[in-house]
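Each chain, written out:
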Amino acid sequence: EAGGSEPDNCGLQFLAIPAGAGTLMSDGTVYADYANTHNYVCGHSGKLVDNVCWSAEDPTLNGDWDGLYVEYGHTWWGAGFNGYTSSQLISLPRVTTETGWTTSGDATSLTEEQQARMFLNLYLAAFKRNWSYTFIYMLRDDPNQGYWGLFNTDYTPKTSGAYLHNLTTILADSGSISAPGQVNYSIPNPPATVHDLLMQKNSGVYELVVWNERPAGGSNSVTVNLAASFPTVKVYDPTTGTAAVQTFANANSVALALSDHPNIVELVPANAALYSVKAEGLFGGVVVTFRMTKGNSGACMLKFNAYRSAGNYLVTVCDVQGRELYRTDVRSAEVSGGHAVISWDGRTSGGAGIGRGVYVVKFFSGAGTEMRKLVAE
């Protein structure tokens, strides 16, 4: 991380010294796989300026932050030494091993609420600008080292810890998607402080994060226009919790009022595997796993361990009040390789989405009857 402070041109501004660099160390000397910076979002001045996170993560900016440019582009010590060009910095593999902003200790400290909203933007800006890893200094406040943390000295979460937990809960996913889809969307005339990031979950659901960087105050109203309508659109605000704050049906636009933190616009396609569902337990003396995945055709596949000796299976999904929402039969002849697969679109028999929540899946066969909790997240 100290490449920018080298007093002699040892070549620390390079991951591997290129031919003809003219450094004291020989061409080809390898120092690291990733550029490593301590580009603290508070910068040197500790000012709440517009786009403070976006600027701190800018790989080519020579500004208030100890970013990539002053460590690997043109080093900051003395007259400095040339390293990578701006075009090379954009694609340079990089990590942040320290960044943050205190909530106590000096005149530039933030309130907990300000820090929490700042950190939401910080992680999003870093990810959008292709930083592979970002580490906050530090996890827990320390009276000797400062109040930088996500947790208090007694290990209870600060507001920043709670908000980041909300964000990761909303965006949480398992598995991977081999061929991400695309969404044709636009945000007409966005202010310079508004940024967006589109992601897709393994289920096929899209998460469009839109955030505004006006930490000193102010807000902007923007509209996300969708080229095609989505059957279900939900809006989440990680500063309020993990439940949707708005839900729309067959929507092709979403209006957002943005200030200093992100909103997540969840777009659910008609063929999406709507939920990540998993339940485990014993059935007929063997372990049964019930899970939902997204099949190649876009339908959901319910897969569970089954044996022909148990006869035909009846599988139902009920809500916690016992109301049956879905049922299907699996004949013993359809059981192959110790498991059965049911094609399901994640909807009730009446065609409605089951919604997030807790349900009960029931297995009926000659081996007996079993019930398992099913959590749709």
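Residues numbered from 1 in each chain as written. Predicted model: local features only at pLDDT ≥ 70, side-chain atom pairs only at ≥ 80, totals over all residues. Heavy atoms only, no water.

Peer 1: Describe the packing of aromatic side chains, naming the residues involved and giving the relevant values.
Peer 2: Under the defined criterion, the tally for this structure stands at 7 aromatic pairs. Ring centres 5.4 Å apart and planes at 65° place the aromatic pair Tyr40 and Trp148 in the edge-to-face group. Taken together, the residues span a long stretch of sequence, with Tyr40 in the loop between strand 1 (35-37) and helix 1 (52-56) and Trp148 in the loop between strand 3 (133-134) and helix 5 (159-171) at a distance of 108 residues. Taken as a pair, Tyr40 and Trp148 share a single burial class, namely buried. (Phe/Tyr/Trp six-rings, centres within 6.5 Å; stacked < 30°, edge-to-face > 60°. Helix = DSSP H or I, 4+ residues; strand = E, 2+ residues; numbered from the N terminus. Buried < 20%, exposed > 50% of the residue type's maximum accessible area, 1.4 Å probe, protein only.)

Peer 1: Lay out the sheet that holds strand 2 (residues 94-96) with the relevant residues and their values.
Peer 2: Reading across from one edge, 1-2-3 is the order of the 3 strands in this open sheet, with parallel pairing throughout. Both edges of this open sheet fall to strand 1 and strand 3, since each of them pairs with a single strand only. Strand direction decides the pairing type here: strand 1 and strand 2, joined by 3 bridges, are parallel. Paired with Ala35 across the two strands is Arg94, which belongs to strand 2. (Pairing = 2+ DSSP bridges.)

Peer 1: Go over helix 5 with me, naming the residues and quoting the values.
Peer 2: For an α-helix the count is 3.6 residues per turn, leaving residues at separations of three or four pointing the same way. Compared with an ideal rise of 1.5 Å per residue, which puts 13 residues at 18 Å, helix 5 spans 18 Å between its outermost C-alpha atoms and is within 8% of the ideal. The complete set of buried residues in helix 5 reads Thr159, Ser160, Gly161, Tyr163, Leu164, Asn166, Leu167 and Ile170. Elements that come into contact with the buried residues of helix 5 comprise helix 4 (112-128), strand 6 (206-212), strand 7 (220-236) and strand 9 (262-268). (Expected span 1.5 Å × (residues − 1). Contact = heavy atoms within 4.5 Å.)

Peer 1: Tell me about the nonpolar core, and please be specific about residues and values.
Peer 2: Ranked by size, the top nonpolar core spans 30 residues in total, and within it Val41, Val52, Cys53, Trp101, Met118, Phe119 and Trp211 carry the most contacts. The greatest single-element share of this core, amounting to 7 residues, is contributed by helix 4. With 18 residues, the next largest nonpolar core counts Val210, Val224, Val235 and Val254 among its residues. (Core = buried A, V, L, I, M, F, W, Y, C linked by side-chain atoms within 4.5 Å.)

Peer 1: Which residues make up the pattern of salt bridges, and what are the values?
Peer 2: What the rule picks out here adds up to 7 salt bridges. Taking the shortest distance from any N to any O, the salt bridge between Arg117 and Glu113 comes out at 2.7 Å. Taken together, the residues span about one helical turn, with Arg117 and Glu113 both in helix 4 at a distance of 4 residues. Salt-bridge contacts for Lys158 lead to Asp141; the nearest nitrogen and oxygen are separated by 3.2 Å. One end of the pair, Lys158, is in the loop between strand 3 and helix 5; the other, Asp141, is in the loop between strand 3 and helix 5, and 17 residues separate them in sequence. Pair check on accessibility: Lys158 and Asp141 agree, each one buried. (Salt bridge = Lys/Arg side-chain N within 4 Å of Asp/Glu carboxyl O.)

Peer 1: Lay out the pairing of strand 6 in plain terms, naming residues and giving numbers.
Peer 2: For strand 6, the tally of buried residues reaches 7 of 7 residues, placing the bulk of the element in the interior. Here strand 5 (residues 194-200) pairs with strand 6 via 7 bridges, running antiparallel. Pairing of Gln200 across the sheet is with Tyr206, part of strand 6. Taken together, strand 5 and the strand that follows it, strand 6, pair antiparallel across an intervening segment of 5 residues, in which Gly204 is found at a positive phi of about 100°.

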